[in-house]
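Notes for the structure review
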Amino acid sequence: MAGQSSKGQFKAKTTAEQMVTVLEQMGHSLTSRMTSAQRSNMKLYVIVPLCVLFTITQQISLSEKCVCEFAQSEKTFPHDKLERVQDAASDCNSNLMPQKTIELESLLLGLDRRLPVLEKDVSMLEKEDDGELYGVLSLYVIENEMTEIKELIDKLNSTRLEQEHVTATTTQQLQDLREEMQELETFDTMQVVKRQQANQRLKRDLEQCKNGLHPTHQPTKPPHGTCPYGQFLNISEPRVYTAGEYPGSYKYGAWGRDPKPEAGKESWYWRVILTSSNRYAHYVRFYSTLSSLIIGVSVPGNVQIHPSNPTTNTIQGPNNVLYGGALYYNCYNKDAVCRFNLTSKIVTTLDLPKGTRYNAKGNFCNLEECYQCTDLDLATDESGVWVVYTTTQDFGNLVLSKVEEDEPPKLRQTWRTSVFKQAVTNTFMACGVLYATRYVNQEVEEIFYSFNPVTGEERFNVGIFMKKLAPNIQALNYSPVDQMLHAYCDSYMVSYKVQFELLDNQS
């Protein structure tokens, strides 16, 4: 039937074309014999039959249509289920954050350090109890220690129960995800996913093969000075992670230990919180032990520099250190270092060289923003106190000066570097060597630069990477007491163990 229809359509079209040709020949013959008026009338008689023929031809073409039906043999891909699987996978990732594991480890570490202290105090009481005032005071101390340990255990138990709940929930979610992914794989009839997985395995094997043929060389080691521990090699994973008593509050601050503590304060930790506009503070807070800091119990409490804030000689910026029973910091609204004696409560000042940038004109910066009021960075190491800053004469490059512990404090010697301060996020001193960090991404910070004042050597390829638990690090302090690097990260306190490599003559 379709064939007959096509033949009929072709025949009609041919007939129409022949008629048009005949009419054209007749028109030429007639018009050669007519006047102009007759020619105009003749055009109308020719156009009308042509329009009729065109209409007939169009009706014949449109009346015959070919309709095709397409039937899909494969099942429709469930895009909504794939979106649900992606959302569930994102939830699992948010539940399995490393901060939660490190928080549990920090609590265990605090308990591990606290129990031997309690055992020692109980043993001393048993040996030296006189049944009078000494015994009463010792019992009071032990009672306080047991209260702190109980609070630490309670927090540890609550954290453990929370972790167990998260683990059980996540396990079930992973099982559900596995089943749903297996169901989604049935839609991959052309085995595209399997081929991609095979290609990834081949690429991984190829990379391993290349690395085996061309092993990577160890990076150049930094010059060795007078460090008693050897060469700075690396830093550990985060050891301590806690928000203390103010979770999520007070983004800027600093914390650490006194490298030269007063008698009886060897186990104390300190913390400075910038409570006013993330710029200013007027007190330093103390904790008797690491476990007290972790659970947020401040004993003996705050030591106030001034009742109001900010005002003359109060703290400006987060880059503070404690050394020899005194807090060193950037004086409020001055290009100077303040030293606050915790015993006498007296503030002495050390004016920095003319042209020193202050009041947020020489900050540390990352890729997107600068850390406010970080013009001066105080640092401690085995040899004492240092200050890092920049001046207009040095065009923004880092300047390092050694601070003498005189009364009042003085600058002993100054060194100039070729690293631009605003290309740096933080600095710290370790074993007489200056180290600088830079922002890589929200999870990683790099110790990329070092300067040895003894040899004058600068290195821009240190290449030690720090795993961060918050996007920004506002302050870094090295503690020579236990070789820990204390970081203040968006209101959280994090610490890393500095790893040294002993030289042959030290082993």
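Let us look at the structure shown here.

Reading the values: the criteria
- Residues numbered from 1 in each chain as written.
- Predicted model: local features only at pLDDT ≥ 70, side-chain atom pairs only at ≥ 80, totals over all residues.
- Heavy atoms only, no water.
- Pairing = 2+ DSSP bridges.
- Helix = DSSP H or I, 4+ residues; strand = E, 2+ residues; numbered from the N terminus.
- Axes fitted to C-alpha atoms, helices over the stretch in contact; angles between N-to-C directions.
- Phe/Tyr/Trp six-rings, centres within 6.5 Å; stacked < 30°, edge-to-face > 60°.
- Buried < 20%, exposed > 50% of the residue type's maximum accessible area, 1.4 Å probe, protein only.
- Contact = heavy atoms within 4.5 Å.

Section: the sheet that holds strand β9 (residues 326-330)
Within the open sheet, the four strands sit side by side as β8-β9-β10-β11. Their pairing is antiparallel. Strands at the two margins of the open sheet, each flanked by one partner only, are β8 (321-323) and β11 (347-351). Ignoring strand direction, the axes of neighbouring strands in this sheet form an average angle of 25 degrees. Taken together, the five bridges between strand β10 (residues 336-341) and β11 define a ladder with antiparallel strand orientation. Bridged to alanine 336 within β11 is aspartate 351.

What about the packing of aromatic side chains?
Per the stated rule, a full pass over the model turns up twelve aromatic pairs. Seen in terms of ring centroids, tyrosine 246 and tyrosine 250 are 5.4 Å apart; in terms of plane orientation they differ by 90 degrees. Their pairing is edge-to-face. Of the residues examined, tyrosine 246 reaches a relative accessible area of 26% and is grouped as partly exposed. With centroids separated by 6.2 Å and ring planes inclined at 25 degrees, the aromatic side chains of tryptophan 255 and tyrosine 269 adopt a geometry described as stacked. Residue tryptophan 255 is found in strand β2 (residues 253-256), and its partner tyrosine 269 is found in strand β3 (residues 269-273); the two are separated by 14 residues along the sequence. Using a relative accessible area of 4% as the deciding quantity, one classes tyrosine 269 as buried.

Observations concerning the side chain of serine 292
Tracing the backbone shows serine 292 in helix α7 (residues 290-295). The exposure class of serine 292 is buried, given its relative accessible area of 0%. Excluding residues that lie within four positions of it along the chain, serine 292 makes contacts with Glu148, Tyr287 and Val297.

Quick look at the pairing of strand β14 (residues 397-404)
Within β14, six of the eight residues are buried, which leaves it mostly tucked inside the rest of the structure. For strand β13 (residues 384-389) and β14, the ladder comprises five bridges, and the chain directions are antiparallel. Residue pairing in the sheet places valine 385 in a bridge with valine 403 of β14. Where β14 meets strand β15 (residues 410-420), six bridges bridge the pair, whose relative direction is antiparallel. From the neighbouring strand, glutamate 404 faces β15, where its bridge partner is lysine 410. Where β14 folds back on β15, the antiparallel hairpin that results is connected by five residues.

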